[in-house]
Amino acid sequence: PEPERPGRTAALITLGDAYASLGQMGAAFEARSEALATARASGDALILLMANLRLAEILRQQGKLQQVIELCERQWKIAVDSGMSEWAIVGWLLGIWGEALAELNDLDRAVDQAKKGAERTARGGDVLYEVMCNLCLVRVLFSSADISGAKDVIQSMENAAREYDVPHWALSQLSAWRVRIWLIQDELQAASHWVREHGLDPDGELEYLHEVEHIAFARFLIARGQLGDAIRLLQRLLEAARAGDRTSRAIEMLLLLAVAFQAGGELTQSVAALELALTLAVSGGFVCTFVDEGPSIARLLYRAATRSLAGHGRIAQYARRILAAFPLT
């Protein structure tokens, strides 16, 4: 009942978790927004913080980076004012904040926030908060070109999974990050073993909880030159991601499609995929998702900024801004 606000908030948060586990981010957003409204009325500081962070997760998936940062800034101030700033759950807040900052290419602040978050969650004794924060830290370190540091965090979390009950979805994300690192380091044999071990098939059934693994598999197929398989898989993944309002994932899939089409000499389709990625990403201000894909995306961005998008000022300007973030070679 509505007067029983703490219990109702917890139920709504869990309902949002259920929708999110199915990849239905629009429905998850509605449930978690209602949870937040109920939490505000309850006056319980901890459950209010939890409701806000659950909502931040969905906003991140929907590509609303500025809203994520604004939410984290507000909650950090509340945590400091209420004496909660050293709590483990606030470590998770710092991890989410750091990941959003990294996406906007504010990498120094991102690393600082995510590392502080990991320290707090490690002291807090809650394995779930620790894993969620460290997943954010892996991404921040990867975008900061600290591959060794990212590998250390992945290994630490995989070691923890041998002793504690770590959710399968979290292990899937750690596994996908490990594969991505193998691929940029040309460790194709290790990646091949992983693909065989997981029994992955480009035409197999797609499940949202394994989406990150399917994306890692698409990266593997591109690296192996199996471009038709990669494109077919990515197109299926993209359709599901857009239907589920998972904009951040859709942008990544479109960039991989652009890379695959480019590798196959299909430049028109490659630029079209990049243009759609830019259109989805511009309102959120995504940068590092593009930069992390490397020189092949830089070449396409240059072409888009100077030719294909000449009649679309905002997008062309955005493409040039992303290009400026690529490291000089």
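Residues numbered from 1 in each chain as written. Predicted model: local features only at pLDDT ≥ 70, side-chain atom pairs only at ≥ 80, totals over all residues. Heavy atoms only, no water.

Visitor: Hey, could you run me through the overall build of the protein in this one?
Guide: Helices and strands together make up the secondary structure of the protein, namely 17 helices and 0 strands. On C-alpha atoms alone, the protein measures out to a radius of gyration of 20 Å, which is about the 20 Å that the 2.2 N^0.38 rule sets for 329 residues. Its C-alpha atoms give the protein principal-axis dimensions of roughly 60 × 45 × 35 Å. The buried share of the protein, reckoned over its 329 residues, is 54%. Taking as baseline every contact in the protein between residues at least 6 positions apart, the subset at least 24 positions apart corresponds to 64%. In the form shown here, the protein has an accessible surface area of approximately 14700 Å², with 51% of it arising from carbon and sulfur atoms. (Helix = DSSP H or I, 4+ residues; strand = E, 2+ residues; numbered from the N terminus. Rg over C-alpha atoms; globule rule 2.2 N^0.38 Å. Buried < 20%, exposed > 50% of the residue type's maximum accessible area, 1.4 Å probe, protein only. Contact = heavy atoms within 4.5 Å. Areas by Shrake-Rupley, 256 points an atom, 1.4 Å probe, with all protein chains shown as cover.)

Visitor: Hey, could you run me through the pattern of salt bridges in this one?
Guide: A complete count under the given rule lists 23 salt bridges for this structure. Here Lys 77 and Asp 81 are joined by a salt bridge, their closest N and O atoms 3.0 Å apart. Taken together, the residues Lys 77 and Asp 81, both in helix H4 (residues 65-81) and 4 residues apart, mark about one turn of the helix. Here the two residues Lys 77 and Asp 81 agree in accessibility, since each one is exposed. For Arg 180, the salt bridge is made with Glu 293, and the minimal N-O distance between the two is 3.3 Å. Of this pair, Arg 180 sits in helix H9 (residues 168-184) while Glu 293 sits in the loop between helix H15 (288-291) and helix H16 (295-308), and the two are 113 residues apart along the sequence. Residues joined by salt bridges that share partners form a network here, namely Arg 60, Glu 99, Glu 103, Arg 139 and Asp 292. (Salt bridge = Lys/Arg side-chain N within 4 Å of Asp/Glu carboxyl O.)

Visitor: Honestly, helix H2 (residues 25-42) in this entry has me stumped. Any pointers?
Guide: Given 3.6 residues per turn, any residue in an α-helix points the same way as the ones three and four places further on. End to end, H2 covers 25 Å across 18 residues, agreeing with the expected 26 Å (1.5 Å per residue, within 8%). For H2, every residue scored as buried is listed here: Met 25, Ala 28, Ala 31, Arg 32, Ala 35, Leu 36, Thr 38 and Ala 39. In this fold, the buried residues of H2 make contact with helix H1 (5-21) and helix H3 (45-61). Looking one or two residues beyond H2, the residue adopting positive phi is Gly 43, at roughly 75°. (Expected span 1.5 Å × (residues − 1).)

Visitor: Teacher, can you tell me more about the side chain of Asn 52 here?
Guide: Secondary-structure assignment places Asn 52 in helix H3. A polar atom in the side chain of Asn 52 sits 3.0 Å from the backbone oxygen of Leu 48. Residues within four places of Asn 52 in sequence aside, it is in contact with Leu 36, Leu 71 and Gln 75. (Polar contact = N/O pair within 3.5 Å; in protein donor to acceptor, adjacent residues only side chain to side chain.)

Visitor: Honestly, the packing of aromatic side chains in this entry has me stumped. Any pointers?
Guide: A ring pair, where both rings are aromatic, is described by two values, the distance of the centres and the angle of the planes. Applying the stated criterion to the full structure yields 4 aromatic pairs. With a centroid separation of 5.1 Å and an interplanar angle of 55°, the aromatic rings of Phe 142 and Trp 177 are classed as tilted. Of this pair, Phe 142 sits in helix H7 (residues 127-143) while Trp 177 sits in helix H9, placing them 35 residues apart in sequence. In this structure Phe 142 comes out as buried when scored by relative accessible area, which is 6%. The residue whose ring lies beneath Lys 64 is Phe 29, and the NZ or CZ to ring-centre distance is 5.3 Å. (Phe/Tyr/Trp six-rings, centres within 6.5 Å; stacked < 30°, edge-to-face > 60°. Lys NZ or Arg CZ within 6 Å of the ring centre and 35° of its normal.)

Visitor: I tried to follow the side chain of His 214 on my own but got confused; where do I start?
Guide: Mapped onto the secondary structure, His 214 falls in helix H11 (residues 211-223). Beyond its immediate chain neighbours, meaning those up to four positions away, His 214 contacts Leu 200, Glu 205, Leu 206, Glu 207, Leu 233 and Leu 237.

Visitor: Explain the confidence of the model for the protein to me, please; I cannot follow it from the model alone.
Guide: In low-pLDDT segments, the atomic positions of the prediction should not be examined closely. When pLDDT is averaged across the protein, the result is 93; 98% of the residues are at 70 or more. Confidence, expressed as mean pLDDT per element, reaches its minimum in the protein at H16 with 82 and its maximum at helix H12 (residues 227-243) with 98. (pLDDT = per-residue confidence, 0-100.)

Visitor: Sorry if this is basic, but what is going on with unusual backbone geometry here?
Guide: What is expected of a backbone is that most residues other than glycine have negative phi and most peptide bonds are trans. Even without a glycine there, the phi angle at Ala 145 is positive, about 65°. Relative to the helices and strands, Ala 145 resides in the loop between H7 and helix H8 (147-161). Classification of Ala 145 by relative accessible area gives exposed; the value is 62%. Although it is not a glycine, Asp 186 adopts a positive phi angle of roughly 60°. By the secondary structure assignment, Asp 186 is in the loop between H9 and helix H10 (188-198). Residue classification places Asp 186 among the exposed residues on the basis of a relative accessible area of 67%.

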